[in-house]
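What the coordinates show
If you want the building blocks of each chain, they are given just below.
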Amino acid sequence: MSRPRFPALPLLASLVGGLLLTLAPLPLALAPFKPFWIAMIVIYWALEQPEHIGLGRVFLLGLICDLATGALLGEQALRLTIIVFIVFRFRARMRFFPMLQQSLAVFALLLNDRVIALALRLLSGAGWPDYNFWGAPLVGTLFWPWLFLLLDEMRRMPRRGSQ
Amino acid sequence: MNYMGNPAARAADAARGTLRLVMYLVAALILMTADHRGGYLDALRERAATFRGPLYWLAASPVRVARDVTTAVNDQRAVIAENHDLREALLRARAQLARQSTMDDENIRLRALLGSRYRLALEAQMAAIIDVDLDPFRQRVVLDAGSAQGVRVGQALMDARGLLGQVIEAPPERAVALLITDASHTTPVEVVRTGLRTLAFGTGDGEKLRLPYIPFSADVKAGDELVTSGLGRRFPAGLPVARIVTVEADDSGTFAVATARPAADLLRYGEVLLLREERVAMDAATTDPQAPMGPPALPAGVDANLPPALRAVPSAPNADIAEPIVPSSDAPSPPRPTSAGTR
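Scoring rules and cut-offs
- Residues numbered from 1 in each chain as written.
- Chains lettered and ligands numbered in written order.
- Predicted model: local features only at pLDDT ≥ 70, side-chain atom pairs only at ≥ 80, totals over all residues.
- Helix = DSSP H or I, 4+ residues; strand = E, 2+ residues; numbered from the N terminus.
- Buried ≥ 20, exposed ≤ 12 C-beta atoms within 10 Å, placed from the backbone.
- Contact = placed C-beta atoms within 7 Å.
- Nonpolar A, V, L, I, M, F, W, Y, C, P; charged D, E, K, R; others polar.
- Pairing = 2+ DSSP bridges.
- Axes fitted to C-alpha atoms, helices over the stretch in contact; angles between N-to-C directions.
- Core = buried A, V, L, I, M, F, W, Y, C linked by C-beta atoms within 7 Å.
- Expected span 1.5 Å × (residues − 1).
- Parallel < 35°, antiparallel > 145°, perpendicular 65-115°, else oblique.
- Left-handed = near helix turned anticlockwise from the far one by under 90°.
- pLDDT = per-residue confidence, 0-100.

A look at the overall build of chain B
Looking only at helices and strands, chain B features five helices and 12 strands. Expressed as a percentage of the 343 residues in chain B, the buried residues total 31%.

The following block contains the structure:
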């Protein structure tokens, strides 16, 4: 796979940014509503530049996230892999959805991810979470259009610069 | 994996994709099981500490900057007020200490009478909690000290008011601690008033501990204080843990269930103390392996050889909860055997 030098840079930058956002502290009341940033960023790149995103890379990325957040090793790897797999399946359609519809699709993805996370929690012996456990996908969906525009801008920047 | 090709290629691609998905899912499940069951992956975690350090530093920097700015613009009045408060606190602590030292002497003599050759020395080390959010549904914190600073897995963690938790990971620079309110944490406790020993389970809620399986015959009431019992040898005995809030029958009606509110401020923390317990010989006499834990009634683990600042630490929270000492003339009246006074 021949990789142009520049487009990988926004991808990496956005992922590092996403990881920092994940770790950045929020007031305690807001913490459960923190969206799954990394997943949303990965969804964007899977839609727009699938040649840079593969299941293997996403799996590795998930492992890195797990190590960074001290979660069960493999948890986010599993969740991200599933998300990307689904996105690849519906990519051709999702890409040309109008923004509202796309946001709804992202909501469905994030909600599905929450269900998987819940299943993993229960399997690992942690109890049922609060109701606000389900708030994160909603917040994520609200942020999606802005994230999409921001990443679009980031993706175009280096190309414009190099021409 | 670009689905732009002809249909046949696309179908083959899809099949391959599914196969790979299944492969990765299995890999993830194996990893999780290995991590959850055996802790086989600790070495990997330790290795990851090198990249986690700078990452945490970066992630916490907005808060740090904000705090610095607040400190910088804090007006003088606030600083003076704080200074005043601190002086008062110091005065109280000194008064407390004065009483403590007589109790220490007494303790030493009583132990000598009992023939115990060992005492527990508590050593404490300050560490700060780094503002990093790990999973919000798990009660964990990151400390700015690690094994390079002498932090070890299993060390107890407390703030000025009581027990916070214990260290579960100690890579060189950043240790991770599990709080007592985490759903997977259990603290062996003792009810101060009655001496009943039981277990306090974390609930995942930062302000609540749960004590199931209390027999109805046991006398436990709202307002009772809980301290560590020292059983299990993970925590030193006598550290304040929580205060009972409610007691009610459980679902089966066979036992009572109590909920308690942690004494330590688990939601608003900054600086914490890491405790290390060491057995020290009382005198140069023969070594006989005596009971490692002292009598539970006294705040255990206070060592007379330590500098006063450290000595005050394990006992100060006790007083803070039970009876705040007025710094003035209030003589240490309560249960003080005459021998100490007449000496």
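Description of the overall build of chain A
On a plain count of helices and strands, chain A comes out with six helices and zero strands. Written out in order from the N terminus, the α and β elements of chain A read α-α-α-α-α-α. A total of 163 residues make up chain A; the buried ones form 39% of that total. If you take every contact in chain A between residues at least 6 apart in sequence, the share linking residues at least 24 apart comes to 70%.

A short note on the interface of chain A and chain B
By a widespread convention, an interface's size corresponds to the accessible area lost as its parts come together. At the interface, 36 residues of chain A touch 36 residues of chain B. For the side of chain A that touches chain B, the secondary-structure elements that each account for two or more residues are helix H1 (8-23), helix H3 (55-69) and helix H4 (75-94) of chain A. In terms of residues, the side of chain A that touches chain B owes the most to one element, H4(A), which gives eight residues. Class assignment of the residues belonging to the side of chain A that touches chain B gives a composition of 25 nonpolar, seven polar and four charged.

Concerning the sheet that holds strand E9 (residues 225-228) of chain B
Residue and element names in this part refer to chain B. Taken together, six strands build a closed barrel; the order of strands is E6-E7-E8-E11-E10-E9 and the barrel is antiparallel. Sheet twist, expressed as the mean angle between neighbouring strand axes with direction ignored, is 40°. Note that strand E8 (residues 209-214) and strand E11 (residues 256-262) share four bridges and pair antiparallel. Looking across to E11, one finds that Leu 209 is bridged to Ala 260.

A word on the nonpolar core
In terms of nonpolar packing, the biggest core is built from 96 residues, with A:Val42, A:Ile43, A:Val84, B:Met158 and B:Val241 touching the most fellow members. Among the elements that take part in this core, helix H2 (residues 37-48) of chain A stands out by supplying 11 residues, more than any other.

So, the environment of A:Gln102
Residues and elements named next belong to chain A. Mapped onto the secondary structure, Gln 102 falls in helix H5 (residues 99-123). The exposure class of Gln 102 is partly exposed, given the 19 C-beta atoms found within 10 Å. Along the backbone, Gln 102 and Pro 145 are 43 residues apart, and their C-alpha atoms lie at a distance of 8.7 Å. Residue contacts for Gln 102: discarding those within four places in its chain leaves Met 94 and Phe 97.

Remarks on helix H3 (residues 76-114) of chain B
Relative to the 57 Å expected for 39 residues at 1.5 Å per residue, H3(B) spans 55 Å between its end C-alpha atoms, a close match to the ideal helical length. Within the span of H3(B), buried status applies to B:Ala93, B:Gln96, B:Gln100 and B:Asn107.

Some words on the pairing of strand E10 (residues 240-249) of chain B
All names here are of chain B. Bridge count between E9 and E10: three bridges; the pairing is antiparallel. Along E10, the bridge assignment pairs Leu 226 with Ala 242. When E10 meets E11, the two strands line up antiparallel, connected through seven bridges. For Ala 249, the partnering residue across the bridge sits in E11 and is Ala 256. The turn linking E10 back onto E11 is made up of six residues, and Gly 253 within it adopts a positive phi angle of 80°.

Here's the deal with the packing of H1(A) against H2(A)
All names here are of chain A. Across the interface, H1 lies against H2 with an axial gap of 8 Å and an inter-helix angle of 160°. Classified by the angle their axes make, H1 and H2 are roughly antiparallel. In the packing of H1 onto H2, the handedness of the crossing is right-handed. Residues Leu 11, Ser 14, Leu 15, Gly 18, Leu 19, Leu 21 and Thr 22 of H1 form the contact with H2, whose participating residues are Trp 37, Ile 38, Ile 41 and Trp 45. Considering only residue class, the contact of H1 with H2 consists of eight nonpolar, three polar and no charged.

Re the environment of B:Tyr24
Looking at where B:Tyr24 falls in the secondary structure, it is placed in helix H1 (residues 7-38). Every residue in contact with B:Tyr24, bar those within four places of it in the chain, is listed here: A:Leu55, A:Phe59 and A:Thr81.

What to know about the confidence of the model for chain B
Of the residues in chain B, 72% reach a pLDDT of 70 or more, and the chain-wide mean stands at 73. Confidence estimates for the predicted assembly give a pTM of 0.63 and an ipTM of 0.77.

Here's the deal with the packing of H2(A) against H5(A)
Residues and elements named next belong to chain A. Contact geometry for H2 and H5: axes closest at 11 Å, N-to-C directions at 135°. With respect to each other, H2 and H5 are oriented oblique. The handedness of the crossing between H2 and H5 is right-handed. Listed contacts from H5 to Ala 39, Met 40 and Ile 43 of H2 are Val 106, Leu 109, Leu 110 and Asp 113.

Let's talk about unusual backbone geometry
Both trends apply: most residues other than glycine have a negative phi, and most peptide bonds are in trans. Look at B:Tyr213: it is not a glycine, yet its phi comes out positive at around 60°. Looking at where B:Tyr213 falls in the secondary structure, it is placed in strand E8.

Details of the environment of A:Ile53
All names here are of chain A. In this structure, Ile 53 sits in the loop between H2 and H3. Placed 35 residues apart in sequence, Ile 53 and Phe 88 show a C-alpha to C-alpha distance of 9.9 Å. With residues up to four places along the chain from it excluded, the contact list for Ile 53 reads Val 42, Trp 45, Ala 46, Val 58 and Val 84.

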